[in-house]
Amino acid sequence: MSNTNTFKPVRVKHLTIGEGKPKICVSLTGHRTEQIIEEAHTLKLADIDMVEWRVDFFEQVEQLDQVTYTLERIRDILPSTPLIFTFRSAKEGGQCELSSNYYVELNQAIAATGEVDLIDVELFNEETAIQQLITIAHEHNTFVIISNHDFQQTPPKEELISRLSRAQQLGADITKIAVMPQSSSDVITLLDATNTMKEQHADRPMITMSMAGKGMISRLTGELFGSAITFGAIQKSSAPGQVPVSDLRSILSLLHANL
Ligand SMILES: O=C1C[C@@](O)(C(=O)O)C[C@@H](O)[C@@H]1O
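Residues numbered from 1 in each chain as written. Predicted model: local features only at pLDDT ≥ 70, side-chain atom pairs only at ≥ 80, totals over all residues.

**Things to note about the overall build of the protein chain**
Where we set the bar: Secondary structure elements are taken from DSSP: a helix is a run of H or I of four residues or more, a strand is a run of E of two residues or more, and numbering for both begins at the N terminus. Labels follow a simple rule on C-beta atoms placed from the backbone: if 20 or more others lie within 10 Å of a residue's own, it is buried; if 12 or fewer, it is exposed; otherwise it is partly exposed. Two residues qualify as a contact pair if the distance between their C-beta atoms, derived from the backbone, is within 7 Å.
Along the protein chain, the regular secondary structure elements total nine helices and 11 strands. Across its three principal axes, the protein chain shows a C-alpha extent of roughly 50 × 40 × 35 Å. Here the protein chain holds 259 residues, and 44% of them are scored as buried. Long-range pairs, those at least 24 residues apart, make up 74% of the contacts in the protein chain with a sequence separation of at least 6.

If you want it as structure tokens, here you go:
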């Protein structure tokens, strides 16, 4: 079966996600505003394409005014960098848990500021909440990544495909799955699921990765198998197995030049 869907890349500022080399993204993981400002200055000088603010690391995440204040400071420093806003829940590998009401309120409020380019919404939320967030985000020209993470294991290929397909059906602009390998076969499972999505089902960009050292290879081969963004590390990483940004650009360029 071949993919007859018309593929829709995502254009964010000057970037086209889903075309060419995977885009390099690095996360801001500071606990306090001053640390986040410092990290943003470091990222401004780095050779990266995008930034993710992992707001679950921010100790004032439950104070919306402090979140918006800090977001404005990030934007002062990085006015034209495509920016993802992510609250990663503890059950999916993040730093803390929020009530589902506040999770929706936080994401809605941030999408409505128009200050971020993309928000990350976890797949395992109520469908109505996800749909509400997509509507509000799109009203403010903000794209939505629907994501899922398993920090324990790698589900079977069919399950990976089913979760990515479900994220598409729900209306994600970009779908994402990150899983933990227990073996080298698990890494192949993730790559195989990504490749099958690309060849048969995907009509929009995906982000997939197998985490930790074993899975690191999956963070380099996105252009071949179909993952559009790779999360890299500078000083700190936001998940195990992220490749240092200093290596990432040259490896992605080498692979690109030979495809
Ligand atoms: O979902 C992802 C992917 C990630 O978990 C990784 O494995 O690189 C890192 C997170 O910061 C990001 O939100």
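Structure shown, so let's carry the discussion forward.
**Brief notes about the UniProt feature "binding site: 3-dehydroquinate" (unreviewed entry) in the protein chain**
The condition that has to hold: UniProt positions are given in the numbering used here, feature names are shortened, and annotations may be inferred rather than shown by experiment.
UniProt's entry tags Ser27, Glu52, Trp53, Arg54, Arg88, Arg219, Ser238 and Gln242 with the feature "binding site: 3-dehydroquinate" (unreviewed entry), counted in the numbering of this structure. Relative to the helices and strands, Glu52 is located in strand E4 (residues 50-54). On the neighbour-count criterion, Glu52 (23 C-beta atoms within 10 Å) is buried. Setting aside residues up to four positions removed in sequence, Glu52 forms contacts with Cys25, Ser27, Ile84 and Thr86. Of note, Gln242 is situated in the loop between strand E10 (229-233) and strand E11 (243-244). Setting aside its immediate chain neighbours within four residues, Gln242 contacts Arg219, Phe231, Gly232, Ala233 and Ser237.

**Regarding the environment of Gln35**
By the secondary structure assignment, Gln35 is in helix H1 (residues 33-44). Along the chain, Gln35 and Phe58 lie 23 residues apart, while their C-alpha atoms are 9.7 Å from each other.

**Comments concerning the site of the ligand**
Selection rule: Should the C-beta atom of a residue, placed from the backbone, lie within 6 Å of a molecule or strand, that residue is near it. Gly is placed with the polar residues, together with every amino acid not listed as nonpolar (Ala, Val, Leu, Ile, Met, Phe, Trp, Tyr, Cys and Pro) or charged (Asp, Glu, Lys and Arg).
Contacts to the ligand come from 16 residues, most closely from Ser27, Ala178, Phe231, Ser238 and Ala239. At the level of secondary structure, the elements contributing two or more residues to the shell around the ligand comprise E4, strand E7 (143-150) and strand E8 (174-179). Residues that form the shell around the ligand fall into these classes: five nonpolar, six polar and five charged.

**Focus on the nonpolar core**
Keep this limit in mind: The nonpolar core criterion groups buried Ala, Val, Leu, Ile, Met, Phe, Trp, Tyr and Cys residues into a set whenever they are joined through C-beta atoms within 7 Å.
Judged by nonpolar contacts, the single largest core of 66 residues is most densely connected at Ile119 and Val144. Apart from the residues within four sequence positions on either side, Val144 is in contact with Leu118, Ile119, Val121, Leu133, Ile134, Ala137, Ala172 and Asp173.

**Remarks on helix H2 (residues 64-77)**
The line we're drawing: The span expected for a helix works out to 1.5 Å for each residue beyond the first. Working definition: the arc comes from the directions between the helix axis and the C-beta atoms, pointing outward to the latter.
With 14 residues, H2 extends 20 Å from end C-alpha to end C-alpha; this agrees with the ideal 20 Å at 1.5 Å per step. Looking only at H2, the buried set comprises Val67, Thr70, Leu71 and Ile74. For H2, the buried positions fall inside an angular range of 105° around the axis, keeping them on one side. Away from its buried face by more than 90 degrees, H2 exposes Asp65, Tyr69, Glu72 and Asp76. The elements touched by buried residues of H2 are strand E3 (23-28), H1, E4 and helix H3 (100-113).

**Quick notes on the UniProt feature "active site" (unreviewed entry) in the protein chain**
In the numbering used here, UniProt assigns the "active site" (unreviewed entry) feature to His149 and Lys176. The greatest C-alpha distance among the annotated residues, which extend across 28 residues, is 8.4 Å, indicating that they converge on a single site. The topology assignment puts His149 in strand E7. On the basis of neighbour count, His149 is assigned to the buried category, with 22 C-beta atoms found within 10 Å. Every residue in contact with His149, bar those within four places of it in the chain, is listed here: Glu92, Gly93 and Ala178.

**Examining the packing of helix H5 (residues 157-170) against helix H6 (residues 184-201)**
Quick note on the threshold: Axis definition: a line fitted to C-alpha atoms, over the contacting stretch in the case of helices. Angles run 0 to 180 degrees between N-to-C directions. Our angle categories are set so that under 35 degrees counts as roughly parallel, over 145 as roughly antiparallel, 65 to 115 as roughly perpendicular, and the remainder as oblique. Here a crossing is taken to be left-handed if its near helix is turned anticlockwise relative to the far helix by less than a right angle, and right-handed if that turn runs clockwise.
Relative to each other, H5 and H6 sit at 50°, their axes nearing to 9 Å. As judged from the angle between their axes, H5 and H6 are oblique. For the pair H5 and H6, the sense of crossing is right-handed. Residue-level contacts link Lys157, Leu160, Ile161, Leu164 and Ser165 of H5 to Thr189, Leu190, Asp192, Ala193, Thr196, Met197 and His201 of H6. Counted by class, the contact of H5 with H6 contains six nonpolar, four polar and two charged residues.

**Observations concerning the pairing of strand E9 (residues 206-210)**
What counts here: Here, a strand pair is defined by DSSP locating no fewer than two bridges between the strands. The definition of a right-handed crossover adopted here requires that, viewed with the strands pointing away, the path from the first strand over the helix to the second runs clockwise.
The buried fraction of E9 is high, at five of five residues. Residues Met206, Thr208 and Ser210 line one face of E9 and the alternating positions Ile207 and Met209 line the opposite face, and both faces are buried. Across five bridges, the pairing between E8 and E9 is parallel. By the bridge assignment for E9, Ile177 is matched with Thr208. The parallel pair E8 and E9, bridged by H6, forms a crossover whose chirality is right-handed.

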